[in-house]
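# An overview of the molecular structure
Here are the chains, one letter per residue:
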Amino acid sequence: MDQIVKVLHTAKTRTTGGREQGASRSSDGLLDIRLSMPGSARIGTTPEQLLAAGWSASFANAIALVARKWKITLPARVSIDAEVDLNLGDGGYSLSARLNVTILGLERSVAKGLVDEAENTCPFSRATRGNIEATIKLV
């Protein structure tokens, strides 16, 4: 694990009730959501959707960071389709994930290099590496 030199941001939330009938709110009030079970009629999101949104946003930022480092102008058409699965196996519950990255307007080999380097830069990718089955690919 890397030694922390400087904390850049701390996200603070309070969750009550868990995924079934729960709610989460950030300390600044900008995030205020209801939680629900997958397939539930209750209006709300699942923790897996939140992970998919956070991871894909962080990964997109990592791509932009690498592009700046490499002095590449990143096209505006960068998108990430993220899927996070909640699984049940012999050992209990687990997660798996897929990030499908689209970068239009760059040579494929350059775009692939950005994605590969971003995978080593993104804190979500680094945090989950070796902990969940994850596939990140350029589509």
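Check the entry above for the structure.
Here is a short report on the structure shown in this document. Just so it is clear, the model here is predicted, and its values are computed rather than measured.

Now for the overall build of the protein chain. Helix and strand counts for the protein chain come out as three helices and six strands. From first element to last, N terminus to C terminus, the protein chain shows the α and β order β-β-β-α-β-β-α-α-β. Along the first, second and third principal axes, the C-alpha set of the protein chain runs to 45 × 35 × 30 Å. Burial statistics for the protein chain: of 139 residues in total, 28% are counted as buried. With an accessible surface of roughly 9500 Å², the protein chain has 52% of that area assigned to carbon and sulfur atoms. In the protein chain, 17 side chains carry a positive charge and 14 a negative one; their mean positions are 7 Å apart.

Once that is clear, we can look at unusual backbone geometry. Here the phi dihedral of Q21 falls at roughly 70 degrees; this positive angle occurs in a residue that is not glycine. With a relative accessible area of 57%, Q21 lands in the exposed category. Here K71, not a glycine, exhibits a phi torsion of approximately 60 degrees, which is positive. Mapping K71 onto the fold places it in the loop between helix 1 (47-69) and strand 4 (78-89).

This next bit is on the pattern of salt bridges. Once the charged atoms of two side chains with opposite charge are near each other, the side chains can pair. Applying the stated rule across the entire model yields seven salt bridges. One salt bridge in this structure joins R25 and D32, with 2.9 Å as the shortest N-O distance. The closest approach of N and O atoms between D85 and R98, which form a salt bridge, is 2.6 Å. Within this pair, whereas D85 is found in strand 4, its partner R98 is found in strand 5 (residues 92-103), the two being separated by 13 residues in sequence. Overlapping salt bridges, with partners in common, bring together E83, D85 and R98 in one network.

Thresholds, definitions, all that
- Residues numbered from 1 in each chain as written.
- Predicted model: local features only at pLDDT ≥ 70, side-chain atom pairs only at ≥ 80, totals over all residues.
- Heavy atoms only, no water.
- Helix = DSSP H or I, 4+ residues; strand = E, 2+ residues; numbered from the N terminus.
- Buried < 20%, exposed > 50% of the residue type's maximum accessible area, 1.4 Å probe, protein only.
- Areas by Shrake-Rupley, 256 points an atom, 1.4 Å probe, with all protein chains shown as cover.
- Lys, Arg positive; Asp, Glu negative; His and termini not counted.
- Charge placed at Lys NZ, Arg CZ, Asp CG, Glu CD.
- Salt bridge = Lys/Arg side-chain N within 4 Å of Asp/Glu carboxyl O.

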